[in-house]
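Here is what each chain is made of, one letter per residue.
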Amino acid sequence: MMFGAILFGIFLNRLFDRTSEESRSRLLNGLGIAMIAMQLYMPVIQYFDPDYTFSFHRNLPLHFCSVNFYLMAFNCFIRSRMLFVLTAYMGMTGGFHSFMTPLLTAGDSPLQVTHFIVVHSTLISLPFVMIKHFNMQFIKWDWVRAYGFDVLISTAMIGVNFLLNTYVENPYTDIANYMYVTEAPDVNNPFLPKSLAWPFYMFPLHFLFIFHMLLINQIFRWINKEKVTSWKEIFQ
């Protein structure tokens, strides 16, 4: 899966590198349409497949990466710098950890594995395309804005999970756990100790997320040859 993600990421960036400047805008629009269609395709075929038991508790595209993928797709059309900031930090961090500890919540058929690879590879590689070819950039305190946005939508998802688990019939035994804010995901991750119950297992994840955002922030500062002259500037 990691090898496939790297190949797809290279392909996506080379595709934009080799496209003329006049055609890149149309290519980005086409990519946005393809992303939305791909994200809609999976739940639609699952819903209408008579051999598959569709569940609103596990098949809706409401995990962090799914929501972020939609927002990235919409930004292919509107090209908002702020929406880019909100999705780039979350996308690169979430995409990386999705490959480190993958969790296929809706199944592991070849189609679903391919879908997983393409989606999460795009989350990591598309921000580089936007920076290189569409004048997107990070500025001071962008990571704080992105973190606040992530906290906001993950907190709202606690309510969504509660409503689904309380009022919607579930054909499976596992509960709605979108964005993993109701129960810890069942993965072998050192930052998710099995001994921590809700909501304490989320605290290490928040610290890890902040660390990754700061790391991404400093990497792009280094790429842009911006000097950090004091330790306080690391947090800007």
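These numbers come from a predicted model, not from an experiment. (Residues numbered from 1 in each chain as written. Predicted model: local features only at pLDDT ≥ 70, side-chain atom pairs only at ≥ 80, totals over all residues. Heavy atoms only, no water.)

### Looking at the overall build of the protein chain
For the protein chain, the count of helices and strands is seven helices and zero strands. Along the chain direction, N to C, the helices and strands of the protein chain fall in the order α-α-α-α-α-α-α. Taken over the C-alpha trace, the protein chain has a radius of gyration of 18 Å; the compact-globule value for 236 residues is 18 Å, and the two agree within 12%. On the principal axes, the C-alpha backbone points of the protein chain span a range of 55 × 40 × 30 Å. Looking at the protein chain as a whole, 41% of its 236 residues qualify as buried. For the protein chain, the share of sequence-separated contacts (at least 6 apart) that also reach a separation of at least 24 residues comes to 71%. Charge-centre separation for the protein chain: the mean point of 15 positive side chains lies 16 Å from the mean point of 14 negative side chains. (Helix = DSSP H or I, 4+ residues; strand = E, 2+ residues; numbered from the N terminus. Rg over C-alpha atoms; globule rule 2.2 N^0.38 Å. Buried < 20%, exposed > 50% of the residue type's maximum accessible area, 1.4 Å probe, protein only. Contact = heavy atoms within 4.5 Å. Lys, Arg positive; Asp, Glu negative; His and termini not counted. Charge placed at Lys NZ, Arg CZ, Asp CG, Glu CD.)

### A look at unusual backbone geometry
Here the amide bond leading from Trp198 into Pro199 is cis, since omega sits at 0°, within 30 degrees of zero. Secondary-structure assignment places Pro199 in the loop between helix H6 (142-167) and helix H7 (202-223). With a phi angle near 55°, Tyr180 is a residue other than glycine that sits in the positive phi range. With respect to the helices and strands, Tyr180 occurs in the loop between H6 and H7.

### Considerations on the state of the cysteines
Tallied over the entire structure, the rule returns zero disulfides. Of the cysteine sulfurs around Cys65, a residue in no disulfide, the closest is that of Cys76, at 16 Å. (Disulfide = S-S within 2.5 Å.)

### Description of the layout of surface pockets
Looking at the second largest pocket, its volume works out to about 400 Å³. Around the second largest pocket, the lining is made up of 22 residues, and of these Ile131, Phe138, Phe220, Ile223 and Asn224 lie nearest the centre. Of all the elements in the fold, those that place two or more residues in the lining of the second largest pocket are helix H1 (2-17), helix H5 (110-133) and H7. Examining the composition of the lining of the second largest pocket, we find that five residues originate from one element, H5, more than from any other. Split by residue class, the lining of the second largest pocket holds nine nonpolar, six polar and seven charged. (1 Å grid on protein atoms, 1.4 Å probe; cavity = no way out; pocket = protein on both sides within 12 Å on 5 of 7 lines; lining within 4 Å. Points joined across faces, edges and corners; volume = space filled by probe spheres on them. Nonpolar A, V, L, I, M, F, W, Y, C, P; charged D, E, K, R; others polar.)

### Focus on empty space enclosed by the protein
Inspection of the entire model under this criterion finds one cavity of 30 Å³ or more. Of the volumes computed, that of the largest cavity is approximately 80 Å³. Met72, Asn75, Cys76, Phe84, Thr87, Ala88, Leu126, Pro127 and Met130 together form the lining of the largest cavity. Taken together, the residues that form the lining of the largest cavity break down as seven nonpolar, two polar and no charged.

### Brief notes about a nonpolar patch on the surface
There is a patch of nonpolar side chains on the surface, built from Leu40, Val44, Tyr47, Phe48, Phe56, Phe162, Leu163, Tyr167 and Val168 and spanning about 970 Å² of accessible area. When residues of the nonpolar patch are traced back to their parent elements, those giving at least two are helix H2 (21-48) and H6. In terms of residues, the nonpolar patch owes the most to one element, H2, which gives four residues. Residue position: Phe48 is located in helix H2. Residue classification places Phe48 among the exposed residues on the basis of a relative accessible area of 62%. (Patch = residues over 30% accessible without salt bridge, like charges linked within 9 Å, V, L, I, M, F, W, Y side chains within 5 Å. Areas by Shrake-Rupley, 256 points an atom, 1.4 Å probe, with all protein chains shown as cover. Salt bridge = Lys/Arg side-chain N within 4 Å of Asp/Glu carboxyl O.)

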